[in-house]
Each structure stands twice: as C-alpha cells, then as structure tokens.
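Coordinate analysis (summary)
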Amino acid sequence: MNWDETTDDPAAERLVAASADGEDQAVEAALRPKDLDEFIGQEKVREQLDLVLRAARARGATADHVLLSGAPGLGKTTLSMIIAAEMEAPIRITSGPAIQHAGDLAAILSSLQEGEVLFLDEIHRMSRPAEEMLYMAMEDFRVDVIVGKGPGATAIPLELPPFTLVGATTRAGLLPPPLRDRFGFTAHMEFYEPAELRRVIHRSAGLLDVEIDPDGAAEIAGRSRGTPRIANRLLRRVRDYAQVKADGVITRDIAAAALAVYEVDARGLDRLDRAVLQALLKLFGGGPVGLSTLAVAVGEERETVEEVAEPFLVREGLLARTPRGRIGTPAAWAHLGLTPPTRAASGNGQGDLFGA
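Below is a summary of the structure that appears in this document. (Residues numbered from 1 in each chain as written. Predicted model: local features only at pLDDT ≥ 70, side-chain atom pairs only at ≥ 80, totals over all residues. Heavy atoms only, no water.)

1. A few points about the pattern of salt bridges
Counted according to the given criterion, the structure contains 18 salt bridges. Between Glu86 and Arg57 there is a salt bridge, and its shortest N-O distance comes to 3.6 Å. Residue Glu86 is found in helix α3 (residues 76-86), and its partner Arg57 is found in helix α2 (residues 43-59); the two are separated by 29 residues along the sequence. When the shortest N-O distance is used, the salt bridge between Glu219 and Arg223 registers 2.5 Å. (Salt bridge = Lys/Arg side-chain N within 4 Å of Asp/Glu carboxyl O. Helix = DSSP H or I, 4+ residues; strand = E, 2+ residues; numbered from the N terminus.)

Next comes the structure, spelled out in structure tokens:
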C-alpha cells in the first residue's frame, strides 16, 4: 500500500527486502492509495501534510517544498503522488543518481509547468554541482545556466515557474544543511505498528480479490518488519500458497505454513538473518566478533551483512554493535532456542554479557 522506489540493493532478491523490483513496482501501482484519506498509518505526517496542502490550496499558491525521510518501503513515493493529486498538479519523477550534472537538473527544471510537483528520490545521492543549482531554484525559482568555458563563460539567468519539490531520502543525515533548510515541510516516516499493517493487508487483499481472515492478516503483519511493502509482498506469496495448497482463503495456519516455505519466521527473520545469528551464537559463543570474520562465517560479503542483515537485527534487539565487534543479545539466544554459554564454558568472558 505505501511504497518507494527500486534500489540496486544486494537484498533485492530477498522476500523481506524493503526495496522494490520490477514485479513489485507493477503491483504497487495498482495498490497505491490515491489521497490522504486512503493512506494508512503515519498519522502525524498525514495530519501535518494535510494542513500544508489545504493552506496552499486556500491561498491559490504552490505548496511548500517537502522533504520525506525514512526507511525504504514506508510510503515516500506514495505520499509524493498524493501531494500532486491533492494539489491537482502533474508530477515529474526522477532520482538523485540520475542527476550527475547541473545540466541534467537544468533541463528538468526548465521544462516544468507552473505548480508541477517534482519528485526527487534519493535526493542525497545527487551530484554537488546539481545540488548547488537546486538551492537557487528552490528559493528564487531561478537558475543560472553557464554558457561557454573559461574566461569567456557567461551565466544566463533562467526564470522558472513556481513548482513544488518533494525530496525523498533514506539517509537524511547526508543532506547538507543549506539544502535541508530550503524545505518548508520536513517529515520522518516511522515503521508501522502491527495493527496498522493489518489494515494495509486487509485493504490490499480486497484490491487483489483475496479472502483473508483477521488471524491470517495478523500472522502476515507480525512478519512484515513494520514495512507495508514487505507486508504486501508476503500477502502475494501467501495468496499463491493458499490457491495451490488450500481453498484460497488465508487463515493463520495457511499464512504460517506458507511463510515457513519461504523461510520467513515469526519475527520476520529470513535465511540470511538467521545465518548471521547462528554463526554469531554457535561459532563464536555470542561474540564479540569482527564484521569481516562474521561475513566469512556466513559466506556473504561484508557489505551484505552490514547493510542488509544487521539493521533489522539491531532494531529487533537481537544483535548489538560494540567497539570490540558484534555480540548476540539474550533475545537472540532465546529466539533461536539456545542457551548462552557460562564464563567457564565460553572461555572468553562472554558470560559477563548475560550476567552468568
């Protein structure tokens, strides 16, 4: 129901990846809410954004520039489209990595219509020259186009029609302050609560013509990592299982059996997540262990473990990063049904971590 853009993420093939591939994007287009009333979750952001848009419409003015930050899959792209719909304006979609030169940005800005919404995904990955051009465009609706080179170069001012820039980023800390300060409204997207995800799943099931009971929706929601995109992806896989192995109705037992086939456990961990935890706990006694050593133990690249598996494990309180290395928490031992080693058994003082 609420989604974002495709990324070249090493997690792209995982069922619980927050990024979207081509298939996801095609399905998401049909499931996206069309206005703020349909959008589920993010209550504070919706309330604040509704005030901004209503006020702009009442003044007959273009809406302020909007910055949306948060993890992938939480609804930044969807909100940008809703902003355009609420303002009855066309939307232009591009991304930071696609704008490598100031000329690329100038070409986009110069072709905008008055009031148009420009959605710039992963805005923190835009090149520095384009970023500096964007400062003037956002503030004064003007850009200076440089013609020629060297001493003979000339700056030609180009007036722009008023427009609304909607920037989206998964790493707001990488945005320079001058760019952040030019946004009139900034919102951070939070992870969803299970009750909100159940509403997302019921809505999507209705649009996909899938019969699902409340317990089935709750089972899927509990494994969705607080992310609507993942909830919708799991719903589609459970739907397939229910159609092939059952009568097409998604119940709690059907959902649990289907997700067991896809190796997504009750807390939303998949094969990679469990492999990291098992290596950390079984091979290294719960740590501390270095990232490179842990990556070798699970047969993955260091970056994959650090950027794909660890963020969710840390957020769930199953793994901790320390100056000495990664350690497994008591919750990790409990989740895998293992007993933490004592000081004498571990031989490395690991027992101190758990009060043993």
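Further notes follow.
2. Examining the pairing of strand β7 (residues 185-188)
Alternating positions in β7 separate cleanly, Phe185 and Ala187 being buried on one face and Thr186 and His188 remaining unburied on the opposite face. Inspection of the sheet shows strand β1 (residues 66-69) paired to β7 by four bridges, in the parallel sense. Directly across from Leu68, in β7, lies its bridge partner Ala187. (Buried < 20%, exposed > 50% of the residue type's maximum accessible area, 1.4 Å probe, protein only. Pairing = 2+ DSSP bridges.)

3. Focus: the packing of aromatic side chains
Counting across every chain of the model gives one aromatic pair. Centroid distance Phe141 to Phe163: 5.5 Å. Interplanar angle 80 degrees. Geometry classified as edge-to-face. Taken together, the residues span a long stretch of sequence, with Phe141 in the loop between α5 (128-140) and β4 (142-147) and Phe163 in the loop between β5 (154-159) and β6 (164-169) at a distance of 22 residues. Relative accessible area serves as the criterion here: at 22%, Phe141 is assigned to the partly exposed category. On the accessibility criterion, Phe163 (1% relative accessible area) is buried. Its guanidinium or amino end placed over the ring of Phe312, Arg225 lies 3.9 Å from that ring's centre, counting from NZ or CZ. The residue whose ring lies beneath Arg315 is Phe191, and the NZ or CZ to ring-centre distance is 3.6 Å. (Phe/Tyr/Trp six-rings, centres within 6.5 Å; stacked < 30°, edge-to-face > 60°. Lys NZ or Arg CZ within 6 Å of the ring centre and 35° of its normal.)

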